[in-house]
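Chain by chain, the residues run as shown.
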Amino acid sequence: MLVSRIHAALALTVIPLMIAAAGCASPQPDSDETSAGGTGEWPRTVEHAAGSTEIDTEPLTIVSTSPSLTGSLLAIDAPVTATATALPSTLVDDVGFFSQWADVAHDRGVEVAYENLELDLDAVDELQPDLIIGSVNAADSVAEAYDQLSDIAPTVLIDYGTKDWQEVTTELGSVVGHEDAAKSVIDDYENWVDAQAEKIEIPQQPVTALVYLGSEGVWAFSKDTAQGQLFTSLGIDYADVPEDTATFKDGVAMVSPENLPKAFSESKSIFVTPASSADDEIESFTSDPLLSNIPAVKNKQVFSAGDESFRLDYYSAKRTVEHLVDSFGATK
């Protein structure tokens, strides 16, 4: 059951990832750092992963077919009126919105376009969008329906498989005309994270972040992924797994069970990125006999990277950093 739940979640974002306490409100950009209106000139031609799209006027009604992109759109105050919802898991709320941006979406009246990533062209059409934004990656990909979606409204598909969340945010800002808001959100985060770095003290480094797949091994994030960059932005020494121990795709190192001891022999601390339940996955990871001789396991240096660390956007990146500060603050 653990592996099946993980695969359901991983199908959405981890391989093409380039992928705070409960009940607290989602962190939001300061109100004076987002733009209620667009910037730049219209019409504009947008080159994107599925082709080229002409957008005649500033979009005012956006439908997102990618839950993995909805958070970034909300962060730059894009006029998202509806979004597809994700597959059921502990990482989403009762309607299928990802927890890191669910509060923001509900506050702004965002509707459900369709559920469980099951593309419903009629439902999208009924929403009468003037712009559709989607993904060409993983389970929320709508690449095969690009022509049908384009018949409904101008459609832009984003390849987030090889980009960090800041790059995705910048790209979305240029699509919807909120370039200034995107820059402000990124600047806000980077200034904030510099201050948080002074508060964190992880005694045993280097660290590695990964997703545990049980009998199928692990997927470890490389240093240049969004997760790896988050740790390095905090001044934390990050260790990639050796190239001869894994197969690499989009910055993720896929490590089979027989290579686990060698792959993580230099990682003094390991952070598990939960795809379902953080506590369950850490317990399963640390009790795996194949991992018993890994230094981080032997020395009890295996930790959760935070409930929102699996899929990073502005909101989840801030929550992940807050989790690390709470867990490893210098005052603890």
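The structure under discussion appears in the preceding block.
None of these values were measured; they are calculated from a predicted model.

**Student:** Help me understand the sheet that holds strand β5 (residues 111-112), please; the structure alone is not making it clear to me.
**Tutor:** In a beta sheet, neighbouring strands pair by backbone hydrogen bonds and run either parallel or antiparallel. Within the open sheet, the five strands sit side by side as β5-β4-β3-β6-β7. Their pairing is parallel. Every other strand in the sheet has two partners, leaving β5 and β7 (155-158) as the edge strands with one partner each. When strand β3 (residues 62-64) meets strand β6 (residues 131-135), the two strands line up parallel, connected through three bridges. Directly across from Val63, in β6, lies its bridge partner Ile132. Packed onto the sheet, helix α6 (residues 165-176) meets β3, β6 and β7 and runs at close to 160° relative to β6.

**Student:** Is there a simple way to think about the pairing of strand β12 (residues 269-272) in this case?
**Tutor:** Every other side chain in a regular strand lies on the same face of the sheet, so the side chains alternate between the two faces. Residue alternation in β12 divides its side chains into two sets, Ser269 and Phe271 and Ile270 and Val272, and both sets are buried. Judged from the four bridges that link them, strand β8 (residues 207-212) and β12 form a sheet pairing that is parallel. Paired with Thr208 across the strands is Ile270, a residue of β12.

**Student:** Please clarify how the environment of Gly161 should be interpreted in this entry.
**Tutor:** Considering the arrangement of structural elements, one finds Gly161 in the loop between β7 and α6. C-alpha of Gly161 to C-alpha of Thr225: the two residues are 64 residues apart in sequence and 9.7 Å apart in space.

**Student:** Sorry if this is basic, but what is going on with the packing of helix α3 (residues 99-107) against helix α12 (residues 314-328) here?
**Tutor:** As a packed pair, α3 and α12 sit with axes 8 Å apart at the nearest point and diverge in direction by 130°. Looking at the two axes, α3 sits oblique to α12. Crossing handedness for the pair α3 and α12: right-handed. Residues Ser99, Gln100, Trp101 and Val104 of α3 form the contact with α12, whose participating residues are Tyr315, Ser316 and Arg319. Of the residues that constitute the contact of α3 with α12, the class distribution is three nonpolar, three polar and one charged.

**Student:** Would you mind going over the pattern of salt bridges with me for this structure?
**Tutor:** Side chains that differ in charge, positive against negative, can pair when their charged atoms come close. Tallied over the entire structure, the rule returns six salt bridges. In this structure, the salt-bridge partner of Lys262 is Asp244, at a minimum N-O distance of 2.9 Å. Of this pair, Lys262 sits in helix α9 (residues 260-263) while Asp244 sits in the loop between α8 (226-233) and β10 (247-249), and the two are 18 residues apart along the sequence. Note on Lys262: relative accessible area 47%, which makes it partly exposed. Given a relative accessible area of 55%, Asp244 falls into the exposed group. For the salt bridge of Glu308 with Arg319, the shortest nitrogen-to-oxygen distance reads 3.1 Å. Of this pair, Glu308 sits in the loop between β13 (302-304) and α12 while Arg319 is found in helix α12, placing the two residues 11 residues apart along the sequence.

**Student:** Even after reading the chapter, I still don't get the side chain of Asp140, so can you show me in this structure?
**Tutor:** Relative to the helices and strands, Asp140 is located in the loop between β6 and α5 (146-152). No salt bridge is formed by the buried Asp140, whose closest oppositely charged neighbour, Arg311, lies at an N-O distance of 6.6 Å. Polar side-chain contacts of Asp140 include one of 3.5 Å to the side chain of Ser68.

**Student:** Looking at this structure, how should I read the nonpolar core?
**Tutor:** Grouped burial of nonpolar side chains is what soluble globular proteins tend to show. Ile133, Val176, Tyr189, Leu234 and Phe271 are the most contacted members of the largest nonpolar core, which totals 65 residues. Here this core takes eight residues from helix α7 (residues 179-197), the largest share from any one element. Residues contacting Val176, with those up to four places away along its chain left out, are Trp42, Glu58, Pro59, Ile62, Leu73, Ile76, Ala78, Leu131 and Ile133. Among the nonpolar cores identified, the runner-up in size contains 20 residues, and Leu210, Val241, Ala253 and Leu260 belong to it.

**Student:** What am I meant to see in the packing of aromatic side chains here?
**Tutor:** Aromatic rings in a pair are described by how distant their centres are and how their planes are angled relative to each other. According to the stated counting rule, one finds 12 aromatic pairs in the structure shown. When the ring of Phe231 is compared with that of Phe271, the centres are 5.0 Å apart and the planes differ by 50°; the resulting orientation is tilted. Taken as a pair, Phe231 in helix α8 and Phe271 in strand β12 lie far apart in primary sequence, 40 residues in all. The pair Phe231 / Phe271 is uniform in exposure class, with both members buried. On the basis of an interplanar angle of 40° and a centroid distance of 5.5 Å, the ring pair of Phe271 and Phe303 is categorised as tilted. With Phe271 in strand β12 and Phe303 in strand β13, this pair connects stretches of sequence that are 32 residues apart. Through successive ring pairs, a cluster of aromatic residues spans Trp165, Tyr189, Trp192, Tyr314 and Tyr315. The ring of Trp42 has Arg44 sitting right over it, with the charged end atom 4.0 Å from the ring centre. When the ring centre of Trp192 is taken as reference, the NZ or CZ atom of Lys318 above it lies at 4.6 Å.

**Student:** Please explain the pairing of β8 as it appears in this structure.
**Tutor:** By the criterion of burial, β8 is predominantly enclosed, with six of the six residues buried. Side chains Val207, Ala209 and Val211 project from β8 onto one buried face, and the interleaved Thr208, Leu210 and Tyr212 project onto a second face that is buried too. In this sheet, strand β9 (residues 218-221) lies alongside β8 in antiparallel orientation, the contact comprising three bridges. The residue of β9 that forms the bridge with Leu210 is Ala220.

About the cut-offs
Throughout, a residue's number is its position along its own chain's written sequence, starting from 1. In view of the model being predicted, local features appear only for residues whose pLDDT reaches at least 70, and side-chain atom pairs are presented and counted only at 80 or more, with totals across whole chains, interfaces and linings using the full set of residues. Excluding hydrogens and water, the side-chain values take into account all heavy atoms of the structure. A strand pair is defined by DSSP finding two or more bridges across the two strands. Secondary structure elements are defined from DSSP: runs of H or I of at least 4 residues count as helices, runs of E of at least 2 residues count as strands, and each element is numbered from the N terminus. Residue contacts follow a heavy-atom distance rule, with two residues in contact if any of their heavy atoms lie within 4.5 Å. Interaxial angle, 0 to 180 degrees, is taken between N-to-C directions of lines fitted to C-alpha atoms, where a helix line uses only the stretch in contact. Exposed residues in this analysis have more than 50% of their type's maximum accessible area, buried residues have under 20%, and partly exposed residues fall in between, with area computed by a 1.4 Å probe over protein chains only. Small angles under 35 degrees read as roughly parallel and large ones over 145 as roughly antiparallel, with 65 to 115 read as roughly perpendicular and the rest as oblique. Crossing handedness is read from the near helix: turned anticlockwise from the far helix by less than a right angle, it gives a left-handed crossing, and turned clockwise, a right-handed one. Any residue that is not Ala, Val, Leu, Ile, Met, Phe, Trp, Tyr, Cys, Pro, Asp, Glu, Lys or Arg is counted as polar, Gly included; the first ten are nonpolar and the last four charged. A pair is scored as a salt bridge if a Lys or Arg side-chain nitrogen falls within 4 Å of a carboxyl oxygen belonging to Asp or Glu. Positive charges are assigned to Lys and Arg, negative charges to Asp and Glu, while His and the chain termini are left out of the count. Two N or O atoms count as a polar contact when they lie within 3.5 Å, although within protein this holds only if one can serve as hydrogen donor and the other as acceptor, and sequence-adjacent residues are included solely when both atoms are side-chain atoms. Residues belong to one nonpolar core when they are buried, are Ala, Val, Leu, Ile, Met, Phe, Trp, Tyr or Cys, and are joined through side-chain atoms within 4.5 Å. Between 30 and 60 degrees the pair is tilted, below 30 it is stacked and above 60 it is edge-to-face, where a pair is any two Phe, Tyr or Trp rings, Trp via its six-membered ring, whose centres lie within 6.5 Å. A positively charged side chain is recorded as over a ring if its NZ (Lys) or CZ (Arg) lies within 6 Å of the ring centre. The angle to the ring normal must also be within 35 degrees.

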